[in-house]
Amino acid sequence: MRLDKFLKVSRLIKRRTVANELCDAKHIDVNGKAARASYEVKVGDIIEIRMGGNIIKAQVESISEHATKEDASSMYKLC
């Protein structure tokens, strides 16, 4: 699954377009490297999101094309 779609489905970021813009601005790292929106997310990847002064670090636990609000938080584990 693409990085931008994972961020939206897992509800780490509210909109996919915002995820795309953050990737273009190099505010999202995967495993310590700046990642593009088209990066293929794998289980075990560590995603770091920098928005303003906040840094969110999460490890991918599972990948699902669709997730309910209740299931979304099980797709990742905060580090």
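Every chain's residues receive numbers from 1 upward, in the order its sequence appears when written. The predicted origin of the model limits local features to residues at a pLDDT of at least 70 and limits the giving and counting of side-chain atom pairs to 80 or more, whereas totals for whole chains, interfaces and linings rest on all residues. Water and hydrogen atoms play no part in the side-chain values, which are based on all heavy atoms of the structure.

A.B. asks: Would you explain the pattern of salt bridges in this entry?
C.D. replies: Where side chains of opposite charge bring their charged atoms close, a pairing between them can arise. Within this document, salt bridges are pairs made up of a side-chain nitrogen of Lys or Arg and a carboxyl oxygen of Asp or Glu, the two lying within 4 Å of each other. Under the definition given, this model contains five salt bridges. Here K5 makes a salt bridge to E65, at a shortest N to O gap of 2.8 Å. Here E65 lies in the loop between strand 4 (54-60) and helix 3 (69-72) and K5 lies in helix 1 (residues 3-9), a separation of 60 residues in the sequence. K5 gets classed as partly exposed once you look at its relative accessible area, which sits at 24%. For E65, a relative accessible area of 42% gives the class partly exposed. For R50, the salt bridge is made with D29, and the minimal N-O distance between the two is 2.9 Å. With R50 in strand 3 (residues 46-51) and D29 in strand 1 (residues 28-30), this pair connects stretches of sequence that are 21 residues apart. Residue D29 is classed as buried on the basis of its relative accessible area of 13%. Where salt bridges share partners, they join R2, D4 and R16 into one cluster. Helix and strand assignments follow DSSP, with helices taken as H or I runs no shorter than four residues and strands as E runs no shorter than two, numbered in order from the N terminus. With a 1.4 Å probe rolled over the protein chains alone, any residue whose accessible area is under 20% of its type maximum counts as buried; one over 50% counts as exposed, and the rest are partly exposed.

A.B. asks: Even after reading the chapter, I still don't get the pairing of strand 3, so can you show me in this structure?
C.D. replies: Both faces of the sheet carry side chains from a regular strand, because those side chains alternate between them. A pair of strands is labelled paired if DSSP reports no fewer than 2 bridges between them. Two strands pair when backbone bridges link them, and strand 1 and strand 3 are joined in this way by three bridges, in the antiparallel orientation. Pairing of I28 across the sheet is with I49, part of strand 3. As paired elements, strand 3 and strand 4 share six bridges and run antiparallel to each other. Bridge pairing in strand 4 links R50 to I55. Where strand 3 folds back on strand 4, the antiparallel hairpin that results is connected by two residues, among which G52 adopts a positive phi of roughly 60°.

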